[in-house]
Amino acid sequence: IALSDKLKYSYGQVVGRSRLGDVYFQSDHYKEAYAQYIQARDIAQARHERKGLSIVYNELGLFHNSLHEFDKALDYLQRSLQLVTPGNLSAKGGRFLNIGVAYGAAGDYKHALAYLNKALSIYNSLQSPKDIAFVYHNIGNAYLEQSFFDQALDYYNKALALLLVHQNTRLQSSTYLNMADIYLHQHALEKARQHVAQTLSLADKAGFTSISIEGRVLLSRILAQKGQFRESEAILEEVQKKWSPNMDQRKLVTVNGNRCFCHST
């Protein structure tokens, strides 16, 4: 950012601030993330930086999606897609993926799966396993939200097979968490507990606060179903004492049944 500002290199200014926004966002610093995205947007608009504007519209769409402001999210994401050059298949696949993510978070699983499969087709043609893992995870989410548990587990396992080679700690931890939720629904409590343990091992080490909180909330539910009510309550007290979750993190715990539709950058 400093070098781009000095050189008045508009694309670098926009991308640098967008990526810094991503770092803040993934660290659960939402106000700081939004401030970076808005700075990036204003620079891109003032300098008529088409490629940079596509990137920052994408980031703003994902940001509004995280706040469950789905109309704003889809508007930004569609505008971002329109600015992608036809030959940039990687960016096009990313926009399809993120639009699918937004539809999935909004509960429109028909449109979610349509866009996710468009993304999958592009990423298969590009032979991009890291991106395919994102798509598999989100297709799994769409099936999970509709209580199609076997289909969801199939796609989560496909995602994990790729993630064991092409690691993405946040996506791995989220995938394990959603699988744990399925096993809880199926009353396979030991499997559910094992998958939460894998979630927390990854999320705690990486500092993914929201996923760590969600994992412990799910663990408390598992323990309650096992009749271990004191242990269940102790975990919720631990969350309150250790993290004092802010309102954004409380939303992430309570909205959409602990499901996290995960986006690409």
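Residues numbered from 1 in each chain as written. Predicted model: local features only at pLDDT ≥ 70, side-chain atom pairs only at ≥ 80, totals over all residues. Heavy atoms only, no water.

K.L.:
Tell me about the overall build of the chain, and please be specific about residues and values.
P.N.:
Across its full length, the chain carries 14 helices and 0 strands. Counted from the first residue to the last, the chain has its helices and strands arranged as α-α-α-α-α-α-α-α-α-α-α-α-α-α. Radius of gyration (C-alpha) of the chain: 19 Å, near the 18 Å computed for a compact globule of 265 residues. With respect to the principal axes defined by its C-alpha atoms, the chain has extents near 60 × 40 × 35 Å. Within the chain, the proportion of its 265 residues that are buried is 52%. Taking the contacts inside the chain whose residues are at least 6 apart along the sequence as the reference set, 58% of them involve residues at least 24 apart. Side chains of the chain give 30 positive and 24 negative charges; the mean places of these two sets differ by 5 Å. (Helix = DSSP H or I, 4+ residues; strand = E, 2+ residues; numbered from the N terminus. Rg over C-alpha atoms; globule rule 2.2 N^0.38 Å. Buried < 20%, exposed > 50% of the residue type's maximum accessible area, 1.4 Å probe, protein only. Contact = heavy atoms within 4.5 Å. Lys, Arg positive; Asp, Glu negative; His and termini not counted. Charge placed at Lys NZ, Arg CZ, Asp CG, Glu CD.)

K.L.:
I'd like a description of the confidence of the model for the chain, backed by residues and values.
P.N.:
Do not read the predicted coordinates in detail wherever pLDDT is low. Averaged over every residue, the pLDDT of the chain is 91; residues scoring 70 or more account for 92%. Averaged pLDDT values over the elements of the chain bottom out at 47 in helix α14 (residues 247–254) and peak at 98 in helix α7 (residues 109–126). (pLDDT = per-residue confidence, 0-100.)

K.L.:
Could you give me a rundown of the nonpolar core, with the residues and numbers involved?
P.N.:
The nonpolar side chains of soluble globular proteins are, as a tendency, buried together. Core analysis: the biggest nonpolar cluster contains 52 residues, and Leu 97 and Val 135 have the highest contact counts within it. Among the elements of the structure, α5 (70–83), α6 (89–106), α7, α8 (129–145), α9 (149–163), α10 (169–185), α11 (189–206) and α12 (209–225) are those that each provide at least two residues to this core. Within the second largest apolar cluster, 16 residues are counted, among which are Ala 33, Tyr 37, Leu 53 and Val 56. (Core = buried A, V, L, I, M, F, W, Y, C linked by side-chain atoms within 4.5 Å.)

K.L.:
Can you tell me about the packing of α8 against α9, naming the residues and giving the values?
P.N.:
One way to put it is that α8 packs onto α9 with a least axis distance of 8 Å and a crossing angle of 160°. Between α8 and α9, the angle is such that the two are roughly antiparallel. Crossing angle aside, the handedness with which α8 passes α9 is left-handed. Side by side, α8 and α9 meet where Pro 129, Ile 132, Ala 133, Tyr 136, His 137, Ile 139, Gly 140, Asn 141, Tyr 143 and Leu 144 of the first sit next to Phe 149, Gln 151, Ala 152, Tyr 155, Tyr 156, Lys 158, Ala 159, Leu 162 and Leu 163 of the second. The class makeup of the residues in the contact of α8 with α9 is 14 nonpolar, 4 polar and 1 charged. (Axes fitted to C-alpha atoms, helices over the stretch in contact; angles between N-to-C directions. Parallel < 35°, antiparallel > 145°, perpendicular 65-115°, else oblique. Left-handed = near helix turned anticlockwise from the far one by under 90°. Nonpolar A, V, L, I, M, F, W, Y, C, P; charged D, E, K, R; others polar.)

K.L.:
Residues and numbers for the pattern of salt bridges, please.
P.N.:
The final tally for this structure, using the stated rule, is 10 salt bridges. Residue Arg 41 pairs with Asp 42 through a salt bridge whose shortest N-O separation is 3.1 Å. Shared partners join several salt bridges into a network, and the residues in it are Arg 19, Asp 22 and Glu 59. (Salt bridge = Lys/Arg side-chain N within 4 Å of Asp/Glu carboxyl O.)

K.L.:
Any details on α10? Residues and values, ideally.
P.N.:
With 17 residues, α10 ought to run about 24 Å at 1.5 Å a step, and its terminal C-alpha atoms sit 25 Å apart, in line with that. In terms of burial, α10 is a largely internal element, 14 of the 17 residues being buried. For α10, the capping residue at the N-terminal end is Asn 168, with a side-chain oxygen 3.2 Å from the backbone nitrogen of Arg 170. Looking one or two residues beyond α10, the residue adopting positive phi is His 187, at roughly 60°. (Expected span 1.5 Å × (residues − 1). Polar contact = N/O pair within 3.5 Å; in protein donor to acceptor, adjacent residues only side chain to side chain.)

K.L.:
Break down the packing of helix α2 (residues 10–26) against helix α3 (residues 30–47) for me, with residues and values.
P.N.:
Viewed as axis vectors pointing N to C, α2 and α3 meet at an angle of 165°, and their least axial separation amounts to 8 Å. Considering their axes alone, α2 and α3 lie roughly antiparallel with respect to each other. Here the hand of the crossing between α2 and α3 comes out left-handed. Every residue of α3 that contacts α2 at Ser 10, Gln 13, Val 14, Arg 17, Ser 18, Leu 20, Gly 21, Asp 22, Tyr 24 and Phe 25 is listed here: Tyr 30, Glu 32, Ala 33, Gln 36, Tyr 37, Gln 39, Ala 40, Ile 43, Ala 44 and Arg 47.

K.L.:
Mind laying out the side chain of Gln 36, listing which residues take part and the relevant values?
P.N.:
When you line up the elements, Gln 36 lands in helix α3. Leaving out residues up to four positions away in the same chain, Gln 36 has contacts with Arg 17, Leu 20, Gly 21 and Tyr 24.

K.L.:
If you had to explain the environment of Leu 74 to someone new, which residues and values would you point to?
P.N.:
Assignment of secondary structure puts Leu 74 in helix α5. Overall, Leu 74 belongs to the buried group, its relative accessible area being 13%. For the pair Leu 74 and Asn 58, spaced 16 residues apart in sequence, the C-alpha separation works out to 9.4 Å. The residues touching Leu 74, leaving out its near neighbours within four places in the chain, are Ile 99, Ala 102 and Tyr 103.

K.L.:
Give a detailed account of a nonpolar patch on the surface, specifying residues and quantitative values.
P.N.:
On the surface, Leu 3, Leu 7 and Tyr 9 cluster together into a nonpolar patch covering about 350 Å² of accessible area. Looking at where Tyr 9 falls in the secondary structure, it is placed in the loop between α1 (2–7) and α2. You can call Tyr 9 partly exposed: its relative accessible area is 45%. (Patch = residues over 30% accessible without salt bridge, like charges linked within 9 Å, V, L, I, M, F, W, Y side chains within 5 Å. Areas by Shrake-Rupley, 256 points an atom, 1.4 Å probe, with all protein chains shown as cover.)

K.L.:
Now, about the packing of aromatic side chains: what can you tell me, with residues and values included?
P.N.:
Summed over the entire model, instances satisfying the criterion amount to 11 aromatic pairs. Ring centres of Tyr 37 and Phe 63 lie 6.2 Å apart, and the angle between their planes is 70°; this geometry places the pair in the edge-to-face category. In this pair, Tyr 37 is assigned in helix α3 and Phe 63 in helix α4 (residues 50–66), connecting sequence segments 26 residues apart. Three or more aromatic residues joined by ring pairs make a cluster, and in this case those are Phe 25, Tyr 30, Tyr 34, Tyr 37 and Phe 63. In this arrangement the basic side chain of Lys 158 is found over the ring face of Tyr 155, its NZ or CZ atom lying 4.6 Å from the centre. One Lys or Arg, Arg 170, reaches over the ring of Phe 208 and ends 4.8 Å from the middle of that ring. (Phe/Tyr/Trp six-rings, centres within 6.5 Å; stacked < 30°, edge-to-face > 60°. Lys NZ or Arg CZ within 6 Å of the ring centre and 35° of its normal.)

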